[in-house]
Amino acid sequence: MREGSAVVKVGDHYESSRTGSPVLSAFWGAIVALVLAYGLSYFLTRFGVANITSPGSTPDHGPATLARAGMNLCAVQHTVLSASGTMRDALGSSVKVQAGILLPLTLWAIIPVIALIVGGYAAGKIRAGSNRWLAILPAVIGGILYAGILALVSGLFKCHIDPTSLPSIKAWEFNPPDVAFKPAAASVFSSAALFGAVFSAIGAHIAVRGTSATRYPSKWWACGKSVVVVVLVMQLLMAGAVEVWLMSDVRSDKVAGSVETHMVKMMPTITGVAYTVMNGSTLSAGIESKMGSAGVNKPFTANANLYTGVKKTDRGTTTQTTIPHAWVGALIVCLGALISGALAVRWGSRDGSVPTGARIAFIHTVYLTALIYLCSISLRVSESLASTHISVSMDIGWLLAASFLGVFISAFIGAFIMHRLYVIRRGGFPAL
């Protein structure tokens, strides 16, 4: 067999199909994704549309906008933005300051998502004659290469951050210091690699779908698709409910238009937090400060768990409440898993209900872990004599193990029901 070709069985005979180099495929996918992602970020930043680090402003052409576009591209992929320098305090003295900011996931994460899917598609087309995994793997490597290149050049993206880019917690404002920030290279690589691997793989799968070498879908792909489709539909329904709540007459006199707009942009974080809480994770928010040699002061902390209740401490006063009808959240998760199990069987996972349920539970847990990572927000500022840390994060607890078990059982039931439907009909499964 010639180098760069693949032998594929079609019917009762074999065909040879030329394929491109996997190295070329990976590099081409990375370059396409980088150019498209940065180009979209620059275009939108130029008109003040996706300028999440300085919302509402419209930069002019030039180096400042080039740097701002790169910082925005890194920030929308949930990258830590760090700063170190000197600034003037309230008394006019020069003080050294270090800071780190982690912005929430916003709707503008669609920029790298689109770019990476297109890049993965371009990489997959080069390898379309090979089997599925030999076509998708170079695209995934290309997605990681995309992250590596972005991390290498991230030091060029130095800008100031507007305080309005961060939400407030209990009337406490995130107020970043007036120094230039830049994306932290290690954070850029880890976050962009997550985006790159996932969405490049999706693009490559689209490119090779239906070819003779990939005519039959992977069982893992069928289960993954069923989980993502169901969970995204559930989160879209949550987003719609939040929109209705914001637009209702009850809220119209309490919520300013700018706040509504900010919440809409943060909808991926809002719905992500809601879905992980339904699966047993704990939402933790807090403010810590330290002045000189004094101990750490925590004026505000809150821990909210749908099933164990809410505990809040505000300036020394602690309150604890339970959330009524919490079982509805567990019911929704189990119903979604049941539908995922049925869809997975319909889409090609037909090696048994137990393996299908196990794959769905595993993929669902990985999805939850990614949401927990992507839905955190923090600001840490350290000066010579003082430091402040404000954060919102999701904590993994034992209830996530219960979520895994519940999803497995529900997905198993859904898969078993779908299997039995086709057995009873005696017509077998429909053609894929």
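In case you missed it, the structure is sitting above this.
Since the structure is predicted, the reported quantities are computational estimates derived from the model, not experimental observations.

> Would you explain the overall build of the protein in this entry?
Counting its regular elements, the protein contains 12 helices and 11 strands. Expressed as a percentage of its 432 residues, the buried residues of the protein come to 46%. For the protein, contacts bridging at least 24 residues in sequence account for 71% of all contacts bridging at least 6. For the protein, the accessible surface area stands at approximately 21400 Å², while carbon and sulfur atoms represent 67% of it.

> Looking at this structure, how should I read the packing of helix H3 (residues 110-126) against helix H5 (residues 185-208)?
Each pair of packed helices gets described by two things: the angle between the helix axes and the distance between those axes. Following both chains from N to C, one finds H3 and H5 inclined at 50°, their axes separated by 6 Å at the closest point. Viewed along their axes, H3 and H5 adopt a mutual orientation that is oblique. Crossing geometry of H3 relative to H5 is assigned as right-handed. Judged by residue contacts, Pro112, Val113, Leu116, Ile117, Gly120, Tyr121, Gly124 and Lys125 of H3 engage Phe195, Gly196, Phe199, Ser200, Gly203, Ala204, Ile206, Ala207 and Val208 from H5. Grouping the amino acids of the contact of H3 with H5 by side-chain chemistry returns 11 nonpolar, five polar and one charged.

> Can you walk me through the side chain of Ser281 in this structure?
If you trace the backbone, Ser281 turns up in the loop between helix H9 (267-278) and strand E6 (282-291). We classify Ser281 as buried; its relative accessible area is 0%. A polar atom in the side chain of Ser281 sits 2.8 Å from the backbone oxygen of Thr276. Engagement of the side chain of Ser281 in a polar contact is seen with the backbone nitrogen of Val277, the distance being 3.4 Å.

> Where do I start with the packing of aromatic side chains in this structure?
Aromatic ring pairs are reported here in terms of the distance separating the ring centres and the angle at which the planes meet. With the rule as written, the count across this model stands at four aromatic pairs. Aromatic side chains Trp220 and Phe362 sit 6.0 Å apart centroid to centroid with 85° between the ring planes, which places their arrangement in the edge-to-face category. Here the residue Trp220 occupies a position in helix H6 (residues 219-247), and Phe362 occupies one in helix H11 (residues 353-374), the gap between them amounting to 142 residues. In this structure, Lys225 is placed above the aromatic ring of Trp347, and the distance from its NZ or CZ to the ring centre is 4.6 Å.

> Just checking my understanding: could you explain a nonpolar patch on the surface for this structure?
Taken together, the side chains of Leu405, Ile409, Ile413, Phe416, Ile417 and Leu421 define a hydrophobic patch exposed on the protein surface, amounting to about 510 Å² of accessible area. Relative to the helices and strands, Ile413 resides in helix H12 (residues 399-425). Overall, Ile413 belongs to the partly exposed group, its relative accessible area being 36%.

> So what exactly am I meant to see when it comes to the environment of Leu379 here?
Mapped onto the elements, Leu379 comes out in strand E10 (residues 377-383). Leu379 sits in the buried class, given a relative accessible area of 4%. As a C-alpha pair, Leu379 and Asn175 span 204 residues in sequence and 8.3 Å in three-dimensional space.

> For this particular structure, what's the right way to read the nonpolar core?
Within soluble globular proteins, side chains that are nonpolar tend to cluster in buried spots. Ranked by internal contacts, the top residues of the largest apolar core, which has 46 residues, are Tyr146, Leu150 and Phe181. Those elements that place two or more of their residues in this core are helix H1 (22-46), helix H2 (63-75), strand E3 (80-88), strand E4 (94-102), H3, helix H4 (132-153), H5 and E10. The residues contacting Tyr146, other than those within four sequence positions of it, are Ala30, Ala33, Leu34, Ala37, Leu73, Gln77, Pro112, Leu116 and Ala192. Counting residues in each nonpolar core, the second largest holds 27 residues, with Val227, Val333, Ile372 and Val407 among its members.

> Looking at this structure, I do not really get the environment of Ile31. What am I missing?
Structurally, Ile31 can be placed in helix H1. Here Ile31 falls in the partly exposed class, since its relative accessible area comes to 40%.

> Even after reading the chapter, I still don't get H4, so can you show me in this structure?
Count 3.6 residues to each turn of an α-helix, and residues three or four apart come out pointing the same way. With 22 residues, H4 extends 32 Å from end C-alpha to end C-alpha; this agrees with the ideal 32 Å at 1.5 Å per step. Arg132, Ala135, Ile136, Pro138, Ala139, Val140, Gly142, Gly143, Tyr146, Ala147, Leu150 and Ala151 are the residues of H4 that are buried. On its buried face, H4 sits against H1, H2, H3 and H5.

> Is there a simple way to think about H1 in this case?
Along its 25 residues, H1 runs 36 Å from first to last C-alpha, staying within 8% of the 36 Å computed at 1.5 Å per residue. The opening residue of H1 is Ser21, an N-cap whose side-chain oxygen sits 3.2 Å from the backbone nitrogen of Val23.

> What am I meant to see in the side chain of Gln77 here?
By the element assignment, Gln77 lies in the loop between H2 and E3. Its relative accessible area of 0% is what places Gln77 among the buried residues. Leave out the neighbours within four places in its chain, and Gln77 touches Pro112, Tyr146, Leu150, Ser191, Ala192 and Phe195.

> What's the story with unusual backbone geometry in this structure? I'm lost.
Excluding glycine, most residues fall at negative phi; most peptide bonds, likewise, are trans. Residues other than glycine seldom take positive phi values, yet His78 does so here, at roughly 65°. By the secondary structure assignment, His78 is in the loop between H2 and E3. Looking at His78, the relative accessible area reads 2%, which means it is buried. The phi torsion at His325 lies on the positive side, around 55°, for a residue other than glycine. Note on placement: His325 falls in the loop between strand E9 (317-321) and helix H10 (327-346). The class of His325 is exposed, set by a relative accessible area of 61%.

> Can you walk me through the pairing of strand E7 (residues 297-305) in this structure?
On any regular strand, side chains alternate: one points to one face of the sheet, the next to the other face. Strand direction decides the pairing type here: E6 and E7, joined by six bridges, are antiparallel. Looking at the pairing, Leu283 lines up with Ala304 of E7. The sheet contact formed by E7 and strand E8 (residues 309-314) spans six bridges and is antiparallel. Its bridge partner being in E8, Thr301 is matched across the sheet by Thr313. Between E7 and E8, which follow one another and run antiparallel, lie three residues.

Conventions adopted
- Residues numbered from 1 in each chain as written.
- Predicted model: local features only at pLDDT ≥ 70, side-chain atom pairs only at ≥ 80, totals over all residues.
- Heavy atoms only, no water.
- Helix = DSSP H or I, 4+ residues; strand = E, 2+ residues; numbered from the N terminus.
- Buried < 20%, exposed > 50% of the residue type's maximum accessible area, 1.4 Å probe, protein only.
- Contact = heavy atoms within 4.5 Å.
- Areas by Shrake-Rupley, 256 points an atom, 1.4 Å probe, with all protein chains shown as cover.
- Axes fitted to C-alpha atoms, helices over the stretch in contact; angles between N-to-C directions.
- Parallel < 35°, antiparallel > 145°, perpendicular 65-115°, else oblique.
- Left-handed = near helix turned anticlockwise from the far one by under 90°.
- Nonpolar A, V, L, I, M, F, W, Y, C, P; charged D, E, K, R; others polar.
- Polar contact = N/O pair within 3.5 Å; in protein donor to acceptor, adjacent residues only side chain to side chain.
- Phe/Tyr/Trp six-rings, centres within 6.5 Å; stacked < 30°, edge-to-face > 60°.
- Lys NZ or Arg CZ within 6 Å of the ring centre and 35° of its normal.
- Patch = residues over 30% accessible without salt bridge, like charges linked within 9 Å, V, L, I, M, F, W, Y side chains within 5 Å.
- Salt bridge = Lys/Arg side-chain N within 4 Å of Asp/Glu carboxyl O.
- Core = buried A, V, L, I, M, F, W, Y, C linked by side-chain atoms within 4.5 Å.
- Expected span 1.5 Å × (residues − 1).
- Pairing = 2+ DSSP bridges.

Read these as spatial facts, not as claims about activity.
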